[in-house]
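Structural overview
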Amino acid sequence: MSKEQEQSNKDAYEHDYPDALNDVQANSEWDVVVIGAGPAGLMLATSLARFGGHKVLVADIRTEPTTAGRADGIQPRTIEVLKNMQPLGDILLSRSSASYERTFWDPTADGKGIERSRRAQSFPDELEIEDGCTLGLQQGLIEQAFLRDMDDHGLRVTRPWGFKSFELSETGAYPVSVTLQREPSSEGATDGGELKTVRTKYLVGCDGGRSAVRLFMEENHGVFMTGDYVDTLWGAIDAVVKSDFPDLRKIAAIHSQNYGAMYIFPRENNKQGKPIVRLYTQVNKATGSKSAEPATTARWKVKAEDIMEADKKIIAPYKLEFEQVEWWTAYPIGQRLVNQYSLNNRVFIAGDACHTHSPKAGQGMNTALMDSHNLSFKLNLVLRGLAPESLLQTYHDERWKVGKRLIDFDEEYSALFSGEVPKSAPHVANMSPAERKAHFANVQRRNAAFTTGAGVNYEMGSLIVPNDNLSRIGLQPIEGLKLRAGERLLPASVTRCVNTAPVRLIHEIQYDLPGGFRIYVLAGRLAQNKPKLAQLSKYLTSPRSFVQRFNAPLPDVKRPLPEVLNTGLMGYEELNPWFSILTVVRESRFGFEIEDLRDLPGLNAMIYADDEDPSGDRIGNGPDERHVGGTHRKYGLEDGGIVVVRPDGYVGVAVPLEEAGWKALETYFDGFLQERRKSHL
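Residues numbered from 1 in each chain as written. Predicted model: local features only at pLDDT ≥ 70, side-chain atom pairs only at ≥ 80, totals over all residues. Heavy atoms only, no water.

**Concerning the nonpolar core**
For the record, the criterion: Buried Ala, Val, Leu, Ile, Met, Phe, Trp, Tyr and Cys residues that are joined via side-chain atoms within 4.5 Å together make up what is termed a nonpolar core. To sort residues, take the accessible area from a 1.4 Å probe on protein chains only and compare it with the maximum for the residue type: under 20% means buried, over 50% means exposed, and anything in between is partly exposed. Only DSSP runs of H or I with at least four residues qualify as helices, and only runs of E with at least two residues qualify as strands; both kinds are numbered from the N terminus onward. The contact definition used throughout considers only heavy atoms, calling two residues in contact when any of these lie within 4.5 Å.
Judged by nonpolar contacts, the single largest core of 159 residues is most densely connected at Phe166, Leu379, Phe546, Phe579, Val643 and Phe669. Per element, the largest residue contribution to this core is 10 residues, and it comes from helix α9 (residues 364-383). With residues near it in sequence (within four places) discarded, Phe669 still touches Phe517, Ile519, Phe546, Phe550, Phe579 and Val644. One finds Trp105, Ile254, Leu279 and Ile307 within the second-largest nonpolar core, a separate group that totals 28 residues.

This is the structure we're talking about:
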């Protein structure tokens, strides 16, 4: 980005970043060293800071955070996760532009213009998405929010320090030696070059598509990337524009007859209150036919004026005027995936360091954030002594498959969007224009759940026991179960009984200290299941239960209590903060009292009435009557059951509400947790 562009962007935005640290202590010891302070690195660092008590060094090669361009789309699953990191979630949501609809434009019959061919809700209702929209927000503002949240939890980025090398040892508490290099403090400065070595338990490379950590792993540890390019050239431009195009503030996919395609993505307002729009533009058809020059070399010749001229041709006959350009870039489209996300369960990579692809489907930053979300809770459990290091292998096992699916989707999607034949689908070459159009729409529908993030699922492993495989922990499958282990917990509305507030179950426990598991006890009807609940309570309070065996002291920082516990109420305390037990009773909130569960320790700290979800049964017509049982029905546990949800919000296992069920949970947790012997604190 030129100095003129930098100044233009600073004029358009007010960035308020915490001051960075600027020095690294040689031979210092860390629990985790994070290389890179983009979205992946900041998500990991913020999560570890929220868990508290970990020594984390975040080193970034840049002198300052992102000020313009780069990623800008936040998908529904990411929104769900960020809402569990308050106030971070609300800060990002309040600043963003939300898009609830997508429109599709194709050439007119005479080929001289474009016309709207289809409108669609952004995401189908059947996906059970809480916020059915995509948010548009500049990456610099996203980084700013994360940096502020980190600062609130006692952690800052150290700049400008880049990664140089690492060495692995088989012994010692800090077996990874990391050498960092100070970069010049400004362009032309001569103060860079200093080398310092630190020691750490774990190293995580979150340093982007040209990751120095990954490159070192490629050169020295047999790691490699595979993939290919689509020979088409695209540009992206952030601008304030004026246009008579009616869908300027919706996500719009436009295909012209001769000049290629473009993709409109609405963004936030700048500090002058003017709406920004991101335009993704195919620039190698600007003359009316595809350029013969390879995209990989032509990219360096593209100017901002070329992108703007292509935009005007594609969107014609509608007018498009550029009032202010804040950032632009040109890029060929490629898909690449690393063969392994980790090395010896000591060195990891996340985000674009693992997978690179086109930006149009809005997946890169979201996948990067979810990589770090997955890794952070596992590092936390291991660092606390609650899980063996073997748990960290599940990071690669789970997230590599997500990366592979992303690359496969993007290879097909980006080629079709660009008017090319996907290498994975050569039969497309024989399709008519109408058939290609229908095929493109089908590819989007088929992958809708995945692109929201809500459709990401993990396969059976130590943390995931599907219903069909319950025999692994000594049970038979639950008939009628609708929840799927390995998928995120479906949102459901209930009443928090302690203050009769309607709430979403998935947001009751924040991604905060200590970073533990959620146990949802769907209690059914009290009159029917009170004896079973009494047995479960007795088990939970016994020394042999997993709740008693798997525990660790909390670090010496203030724990932000969930609102359901922050009441001052005596006699309704949690047993173990690493296992938040939420009891959901299949009654109207007017049909029972919390005192009815007072004699059930372990089950009475967080009590909810299943009378808010509209899929429940209407039990009367009065103003105080409710829809009862909707959450039980949605989860397929009409008469009760127990659902274990991992710290990252994914269902681990569901078991019946009976003695065999909670005994099976012993086997489940024994599969990846360990009774803590010592602490690093």
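**Some thoughts on the sheet that holds strand β3 (residues 73-74)**
Convention followed: Only when DSSP finds a minimum of two bridges between them are two strands counted as paired.
The strand order across the open sheet built from three strands is β3-β7-β4, with neighbouring strands paired in antiparallel fashion. Strands at the two margins of the open sheet, each flanked by one partner only, are β3 and β4 (97-99). Here β3 pairs with strand β7 (residues 134-136) via two bridges, running antiparallel. Note on β7: the bridge partner recorded for Ile74 is Leu135.

**What to know about unusual backbone geometry**
Peptide bonds are trans in most cases, and residues, glycine excluded, mostly fall at negative phi. In this model, Ala316 is joined to Pro317 through a cis peptide bond whose omega is 15°. Residue position: Pro317 is located in the loop between α8 (304-315) and β16 (320-338). Residue Pro514 is bonded to the preceding Leu513 through a cis peptide linkage, with omega at 5°. With phi around 65°, Asn27 is a residue other than glycine that occupies positive phi space.

**Thoughts on the environment of Asp352**
Note on placement: Asp352 falls in the loop between β18 (347-349) and β19 (355-356). Distance from Asp352 to Gly364, taken between C-alpha atoms, is 7.0 Å for residues 12 residues apart in sequence. If we ignore the near neighbours within four places in the chain, the residues touching Asp352 are Gly208, Gly209, Arg214 and Gly364.

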